[in-house]
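Notes for the structure review
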Amino acid sequence: MERFMGGGMLPLVLTSIGVLLLYRILVHFRKGAHVQGAVVVITGASSGLGKECARVFHAAGARLVLCGRDASRLQQVVQELTASSTDTQQQTYTPSTVIFDLADADTVDRAAEEILKCYGQVDVLINNAGISYRGNILETHISVQRDVMETNYFGTVALTQALLPSMVRRRSGHIVVISSVQGKIAIPYRSAYAASKHATQAYFDCLRAEIERYQIPVTVISPGYIRTNLSVNAVTGDGSKYGVVDKTTASGRDPRDVAQLVLKAVRQRSKDVIVAGLVPNVAVYLRTLWPALFFKIMSSRARKEQKPKDE
Ligand SMILES: NC(=O)C1=CN([C@@H]2O[C@H](COP(=O)(O)OP(=O)(O)OC[C@H]3O[C@@H](n4cnc5c(N)ncnc54)[C@H](OP(=O)(O)O)[C@@H]3O)[C@@H](O)[C@H]2O)C=CC1
Ligand SMILES: CCCCCCCCCCCCCCCC(=O)OCC(=O)COP(=O)(O)O
C-alpha cells in the first residue's frame, strides 16, 4: 500500500485536488450574468421562497413578472417591493403580475403569452411554485398523486415549453427550477412530492443538454428544509390540507438566505445546486454509492414515523 501511495498515487491525488480547487476559483471569479434590467419571471411569488426571490431580484434591478393564483396577494407583494424601492441606490422597476393556476393546463399557454407581452422577452424564468404532500401510499387516493404531479411537474414543464421558443429565437435566456433534496432522494410518506421532484430533476437535466447549443443555461436548485408555509399548504392522502407547520420546516433555513443563493446561482449560471446541510448531502451520496444502506435507513424511518391503519 505504502509503495502504491508513494509511487504514482499520491501525486495523482494531489494534482486532482489542485485542478478541482483551480476550477472552483475560476468559477467563483467568472464574470456573472447581469440581473440589472433583466426580465425575470417568478412563479409562486405570493409567498415563501418565491416572494423572497422577488425581493432579492427586485433589489438587484430586475424587471419582474410575478406569477401566482391569488391576484390580491400578488398585488400586496408588488406594493411591498415598490415601497422598499426608495431604500436602494439601484434603479428598480415596478413588477408586473400574471395570474394563473399551474395545475390548469388550459390556462398555461395563455399565461405565457401574457408574460411575454409584459416586456416582449423573458431573460430568466424561475419555476418556483410547488406544493408538498404528506401521506401513506396505501391510504392515498390516486387523484392526489396526479394533482401534485400536475402542479409541480406538468404545470412547470408546460410553462417552460411555452416560453422556450422565444428564448431559442433570441439565443438568450436562462431556465431555473426550484426542485428539492427530495428530487435526489425519496423519503417515506412523501411519495407524490418526491416523485414530482425526481421527474422535475430528470426533465431539466434533459433540457440542459438539449438547449446548451442555444446558449440557454438550465439551473436546478435543490434545497433542504426552508422556513415557509410549504408543510401547512401540503395535501394529504384524501386531498385535504395538512395545515401543520412541521418541526423540520420551522427549523429550516431562512427563505431570504435561500433567495440570495438563487440569485448567486443565476449570476454564475450554475447547473445543479444543493442548498442543504451535511446530512442531506451525505444522504444523496449514500443513495448512489451504498443504496442498500440508504434503503435500510429509509425503512427504519418509515417504521418509526407511522403505522398503517391495518397494523
Ligand atoms: N419549504 C421547504 O422546505 C422547501 C421548499 N422547496 C420548494 O420551494 C418551492 C416554493 O415553496 P415554498 O415557498 O417553500 O412554499 P409556499 O407554500 O410558501 O409557496 C408555494 C408557492 O407556490 C404557489 N403555488 C402552489 N400551487 C400552485 C398552482 N397550482 N399554481 C400556481 N402557483 C401555485 C403558491 O401560490 P398561491 O399563493 O397561489 O397558493 C405559493 O406562492 C416549491 O417548489 C417547494 O417544493 C424545496 C425544498 C424545501
Ligand atoms: C452524517 C451522517 C449522515 C447519514 C445519512 C443518513 C440518511 C439520513 C436521511 C436524511 C434525509 C434528509 C431528508 C431531507 C428532506 C428535505 O430536505 O426536503 C426538502 C423539502 O422539499 C421539504 O419538503 P417537505 O414537504 O417534506 O417538508
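The following paragraphs examine the structure supplied in this document. On a predicted model such as this, the values are computed, not experimentally measured, just so you know.

Around ligand 1 there are 28 residues in total, and Ser46, Asn128, Tyr193, Ile226 and Thr228 lie nearest to it. Between ligand 1 and Ser47 there is a distance of 3.1 Å, counted from an oxygen atom to a side-chain nitrogen or oxygen. Interatomic distance of 2.8 Å between a side-chain N/O atom of Arg69 and an oxygen atom of ligand 1. Protein coverage of the free-state accessible area of ligand 1, which is 890 Å², stands at 95%. Of all the elements in the fold, those that place two or more residues in the shell around ligand 1 are α2 (48-59), α6 (191-211) and α7 (230-233). Residue composition of the shell around ligand 1, grouped by class: 11 nonpolar, 13 polar and four charged.

According to the stated counting rule, one finds 10 salt bridges in the structure shown. Salt-bridge contacts for Glu80 lead to Arg55; the nearest nitrogen and oxygen are separated by 3.5 Å. Placement of the pair is Glu80 in helix α3 (residues 71-84) and Arg55 in helix α2, with a sequence separation of 25 residues. Linked by salt bridges that have partners in common, Lys51, Glu52, Arg55 and Glu80 make up one network.

This part takes up the packing of aromatic side chains. The way to describe two aromatic rings as a pair is by their centre distance and the angle between their planes. Under the defined criterion, the tally for this structure stands at four aromatic pairs. On the numbers, 4.9 Å between centres and 75° between planes, the contact of Tyr203 with Phe204 is edge-to-face. The exposure class assigned to Phe204 is buried, which follows from its relative accessible area of 1%. Seen in terms of ring centroids, Phe294 and Phe295 are 6.1 Å apart; in terms of plane orientation they differ by 70°. Their pairing is edge-to-face. For Phe295, a relative accessible area of 42% gives the class partly exposed. In this structure an aromatic cluster arises from ring pairing among Tyr153, Phe154, Tyr203 and Phe204.

Take the side chain of Ser179 next. With respect to the helices and strands, Ser179 occurs in the loop between β6 (174-178) and α6. Residue classification places Ser179 among the buried positions, given a relative accessible area of 3%. Once you skip the residues sitting within four places of it in the chain, Ser179 turns out to touch Lys197, Thr200, Val220, Ile221, Ser222 and Pro223.

With that out of the way, let us pick up the environment of Asn152. Tracing the backbone shows Asn152 in helix α5 (residues 142-170). Residue Asn152 is classed as buried on the basis of its relative accessible area, which comes to 3%. Linking Asn152 and Val35, residues 117 residues apart in sequence, is a C-alpha distance of 26 Å. Every residue in contact with Asn152, bar those within four places of it in the chain, is listed here: Gly130, Ile131, Tyr193, Ser196, Lys197 and Thr200. A polar atom in the side chain of Asn152 sits 3.1 Å from the side chain of Ser196.

Before going further, it helps to spend a moment on the packing of α2 against helix α9 (residues 255-267). Each pair of packed helices can be summarised by the angle the axes make with each other and by the distance between the axes. One can describe the packing of α2 onto α9 by two numbers: an axis separation of 8 Å at closest approach and a directional angle of 60°. The orientation of α2 relative to α9 falls into the category oblique. Regarding α2 and α9, the two cross each other, and that crossing is right-handed. Between α2, through Gly48, Leu49, Glu52, Cys53, Val56 and Phe57, and α9, the contact on the second element is made entirely by Pro255, Arg256, Val258, Ala259, Gln260, Val262, Leu263 and Val266.

Close contact between helix α4 (residues 105-119) and α5 brings their axes to 9 Å; oriented N to C, the two are set at 45°. In terms of axis orientation, α4 runs oblique to α5. Every pair of crossing elements has a handedness; the one defined by α4 and α5 is right-handed. Contact with α4, carried on its side by Val108, Asp109, Ala112, Ile115 and Leu116, involves Gly155, Ala158, Leu159, Ala162, Leu163 and Ser166 of α5 and no other residues of that element.

A word on the sheet that holds strand β2 (residues 63-68). One open sheet accounts for seven strands, arranged β3-β2-β1-β4-β6-β7-β9; its pairing is parallel. Edge positions in the sheet fall to β3 (96-99) and β9 (272-275), since each of these pairs with one other strand and no more. Recorded for the sheet is a direction-independent mean angle of 15° between the axes of neighbouring strands. Note: strand β1 (residues 39-42) against strand β4 (residues 124-127), three bridges, orientation parallel. The residue bridging Ile42 from the neighbouring strand is Ile126, located in β4. Along the sheet, α6 makes contact with β4, β6, β7 (218-223) and β9, crossing β7 at roughly 155°.

Procedures and definitions
Residues numbered from 1 in each chain as written. Chains lettered and ligands numbered in written order. Predicted model: local features only at pLDDT ≥ 70, side-chain atom pairs only at ≥ 80, totals over all residues. Heavy atoms only, no water. Near = heavy atom within 4 Å. Polar contact = N/O pair within 3.5 Å; in protein donor to acceptor, adjacent residues only side chain to side chain. Areas by Shrake-Rupley, 256 points an atom, 1.4 Å probe, with all protein chains shown as cover. Helix = DSSP H or I, 4+ residues; strand = E, 2+ residues; numbered from the N terminus. Nonpolar A, V, L, I, M, F, W, Y, C, P; charged D, E, K, R; others polar. Salt bridge = Lys/Arg side-chain N within 4 Å of Asp/Glu carboxyl O. Phe/Tyr/Trp six-rings, centres within 6.5 Å; stacked < 30°, edge-to-face > 60°. Buried < 20%, exposed > 50% of the residue type's maximum accessible area, 1.4 Å probe, protein only. Contact = heavy atoms within 4.5 Å. Axes fitted to C-alpha atoms, helices over the stretch in contact; angles between N-to-C directions. Parallel < 35°, antiparallel > 145°, perpendicular 65-115°, else oblique. Left-handed = near helix turned anticlockwise from the far one by under 90°. Pairing = 2+ DSSP bridges.

None of the figures reported here should be taken as evidence of function without further support.
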